[in-house]
Structure formats: C-alpha cells, structure tokens
Amino acid sequence: MAEERRTSVVIEDKIKILLLEKVHKVAEERFIKEGYSVIRKDALSPEELLEIIPKVHGICLRSKTKLPKEVLEKAVNMIVIGHYCIGTDQTDLKKAANDGIPVFNSPYANSRSVAELVIAEMVMLARQAGDRSKEVHDGVWNKKSIGCYEVRGKTLGIIGYGHVGSQLSVLAEAMGLKVIFYDVQPKLALGNATSCDELDDLLTQADFVSLHVPRTDQTKNMMGAEQIKKMKKGSYLLNLSRGTVVDVEAMAEALKSGHLAGGAVDVYPSEPSGKTDQFKTPLQGCPNTILTPHVGGSTEEAQEAIGIEVSSKMCDFINSGSTLGSVNIPNVAHQGPLKPGHTRIVNIHKNVPGVIRAINEEISIGNVVFQALATNDEIGFIIIDVASDIGKQIKDNLAKQPHTIRCYVLFQGPGFQGELRKEPI
C-alpha cells in the first residue's frame, strides 16, 4: 500500500494570490478588497514558477502559463486556480481535481470581442484588404476590384453555435448575410439562422466558414484536406477557436492553389509562450491570409469582464465554499454568508460507495443546518453548515476518513483554516 502523503495549507498572515500574464487590474483590486495579499508577475519561466508556486494559495493565469502535473505536485498550498480566458487546457485538470483544487474560467466574457473580430476579418478578406495594405506599405499601388466583394448577401457557415457562434450569427445577419450553422448538440437558432444536419451540408453552401468549437479529441483536425476540398471554390475559412481543429498544412495548400480565396487564423497547433520573432507556420506567405497572435478575446472590455468574473468565482470559493463555475470539481452553491455561531465545513472526497454514509456519521455529532452535495464519477464535493462550536472536531474526524482529499473549516471571515490531506495519485 502506498504511503500516505500529508501536507498542510500554510497561511502565515494572508491568503496569497499570484497574478500572471497581465491579468486585468480589477482582479487585483477585488483580491485586495477581500484582504488577500497579491503578488503580480508579468511572466515566469518554468523554473521561476516551480520556485514560487509552493508559497501561494491561488494563481491567476491566461493562455501562456502551463500547470502540468509536475508543477501541481509542487503546489502544496494551492487552494484555487483561475484561468482568465476561455480555455483550461493549460492546467492538468484531472490532477488538480484529484488534489482538491477547483479550476475556474470565463467561458463567455470575451464572446463579443471574438465575434467582432470575425466580422472585421470577413470584410477584410472579401476585399483583399490585408494584401493591399501590405503592398502600399511596400510602396506598391495596386488598385483593383476583381475578386473583391461585399459580404452582404453571402452565406456564413458557423461551426459550433455556442456563445461566440450565436453572437456572430446575430452580428452577421445585421450586416445582411445569410447564416447557417452546424453543432453536435441541438441549438436554438437566433434570428433567421438555420441549422444544418451534417457538416458537409454547411461546407458545400457557405461562402465563409468560421469555426467556434472547443479543443477535444473529436474536434482535432476536423477541418482537414478532405473537408476543405468540400468547401466552395473561392470561399473563405476562419479559425478563431482552437489551434488543433484545422490542419494548417492542408489549409495552406488550399490557399496557394486558389481553392480558398482567403483565410484568417488566430490560433495555432503550437504557440510560443511569450513574445518572439521566430514564430513559424505553414500559413505564412499565403495569399489573402490574415494571421493574428491569439488576440481574439484581447480587448480592454473583455479583459475587464473576465477579471471581474473569474476573481469573483475564486473569492466565492475561498470565502463561502461555492464551486459554481468550476470546470473540474462538482458544482455546489453556498447559501449566502455564514450565520453567526455557525461553522462551515468544505469536504472534497473520492466518490466511492459508502463515503457519504461515513461523512454523515461524523457530522451527526453536530446540529447540521445546511448540507449540499454534488458528485461526478470520481470526485464528491460537500458543504456542511453546523450550528455549534465543534466544527473543528468534525473537520478533524472527516480528515481521517480514507477517501478524504481535502477538508477545510470555513469560519465567519474570509479565508481557510485547517489541514488538508492528499493521497498519492
């Protein structure tokens, strides 16, 4: 049997939150208002991250910082992780869940910014404005109208009709485009948009194809050579979702051959961790092709909204035990502030037969006034409010349970107290 590994959340003075990658200042302001200590760093090397991560209780990151298993192994005092973006694949979510660390993100706040950029790029592509701009910068005057079009009256095919896709649908219709979409889940069409039963139906009809799908095994290279060949000759392909969903070599070939009249890409299969002048992609040099460095959601408005949303979720968990919005821990809502004289216990455990019975036996020594439980296949999360002063005794008993991952006592004010327990994964 593997030897148990015990560790503690050490809070010497204040909860320490590490902000990376220029997370918006509203997040820092929220944490300071809650009484937390904030450490702000623009960027950290992997070695610097390994050095500082054992000392902090929360970390705020965007798309560059990576938290794989070997980094999370060092995060012995980590309570919560915030992704100030949509994607969460930068973190080993399973490892974080098995360590009892909820991960929060902002799946909707930058939807408008991404949708607006797609609209702008569609117009630029239809007018070949990117190539004309480069020519004028190089001193070339090449005024032409052949192969340049209005977007009004054209058909936009949206693959993935979620928050970005549906907003794009509304904006496109307002500009006079016909909108069709394809999604693996049934979705309510907005305005006059119509759903396609099959992806191929969309590809053969659309003048513009815009991708808005998550990164999964099912979406990897979903737009490969075969799918691109099915698109109308002279159509345009845009990818502002995830870099793995388009075969960029096949796209580059279609652009150079003229099958595609243009393309716009904001995300790539492999992206640099920081600013560089050595980035390479097969799409460089392709005609009428707009390439941007993953800036779809990078507007002041989006970053402020994301800063508010994710910091609020992190504070909600730290202060009240709520996991609403967590992408890796079962979601449980709290019932407002803790009442005077009550103690709140937060327990994260392995979801195995008999574990709830064992938990209920331990908490039966107190007067339980509120209890909420949620589980998935592997993890259980429970909030318990007890109207007594024996919360620490209950917590200590729960921490001894063999399937406990973490157990906190949450007192009246912000912050955690008490031991945590991890078992080897």
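Refer to the preceding data block for the structure.
Trainee: Even after reading the chapter, I still don't get the packing of aromatic side chains, so can you show me in this structure?
Mentor: A ring pair, where both rings are aromatic, is described by two values, the distance of the centres and the angle of the planes. Scanning the model with the defined rule gives six aromatic pairs in all. Ring geometry for Phe104 and Phe317: centres 6.4 Å apart, planes at 50°, overall tilted. Pair noted here: Phe104 is in strand S6 (residues 103–104) and Phe317 is in helix H11 (residues 300–320), with a separation of 213 residues, a long-range link. On the basis of relative accessible area, Phe104 is assigned to the buried category, the value being 0%. Note on Phe317: relative accessible area 0%, which makes it buried. For the pair Tyr268 and Phe279, a centre-to-centre distance of 5.0 Å together with 70° between the ring planes defines the contact as edge-to-face. With Tyr268 in the loop between strand S12 (260–265) and strand S13 (289–291) and Phe279 in the loop between S12 and S13, this pair connects stretches of sequence that are eleven residues apart. Take Tyr268: its relative accessible area is 8%, and that puts it in the buried class.

Trainee: Honestly, the pattern of salt bridges in this entry has me stumped. Any pointers?
Mentor: A side chain of one charge can pair with a side chain of the opposite charge when the charged atoms of the two come close. Under the criterion given, the structure shown has 17 salt bridges. In this structure, the salt-bridge partner of Glu135 is Arg132, at a minimum N-O distance of 2.8 Å. With Glu135 and Arg132 both in helix H6 (residues 129–137) and three residues apart, this pair spans about one turn of that helix. Its relative accessible area of 18% is what places Arg132 among the buried residues. The shortest N-O distance in the salt bridge between Asp200 and Lys230 comes to 2.9 Å. With Asp200 in helix H8 (residues 199–205) and Lys230 in helix H9 (residues 225–230), the pair connects residues that are 30 residues apart, well separated along the chain. Within the structure, one salt-bridge network assembled from shared partners comprises Glu73, Lys95 and Asp99.

Trainee: Even after reading the chapter, I still don't get the packing of helix H5 (residues 111–126) against helix H7 (residues 163–174), so can you show me in this structure?
Mentor: Each packed pair of helices is defined by two parameters, the angle between the axes and the distance between the axes. Across the interface, H5 lies against H7 with an axial gap of 8 Å and an inter-helix angle of 50°. In terms of axis orientation, H5 runs oblique to H7. Crossing handedness for the pair H5 and H7: right-handed. Across the interface between the two elements, Ser111, Arg112, Val114, Ala115, Glu116, Val118 and Ile119 from H5 touch His163, Val164, Gln167, Leu168, Leu171 and Ala172 from H7.

Reading guide: rules and limits
- Residues numbered from 1 in each chain as written.
- Predicted model: local features only at pLDDT ≥ 70, side-chain atom pairs only at ≥ 80, totals over all residues.
- Heavy atoms only, no water.
- Phe/Tyr/Trp six-rings, centres within 6.5 Å; stacked < 30°, edge-to-face > 60°.
- Helix = DSSP H or I, 4+ residues; strand = E, 2+ residues; numbered from the N terminus.
- Buried < 20%, exposed > 50% of the residue type's maximum accessible area, 1.4 Å probe, protein only.
- Salt bridge = Lys/Arg side-chain N within 4 Å of Asp/Glu carboxyl O.
- Axes fitted to C-alpha atoms, helices over the stretch in contact; angles between N-to-C directions.
- Parallel < 35°, antiparallel > 145°, perpendicular 65-115°, else oblique.
- Left-handed = near helix turned anticlockwise from the far one by under 90°.
- Contact = heavy atoms within 4.5 Å.

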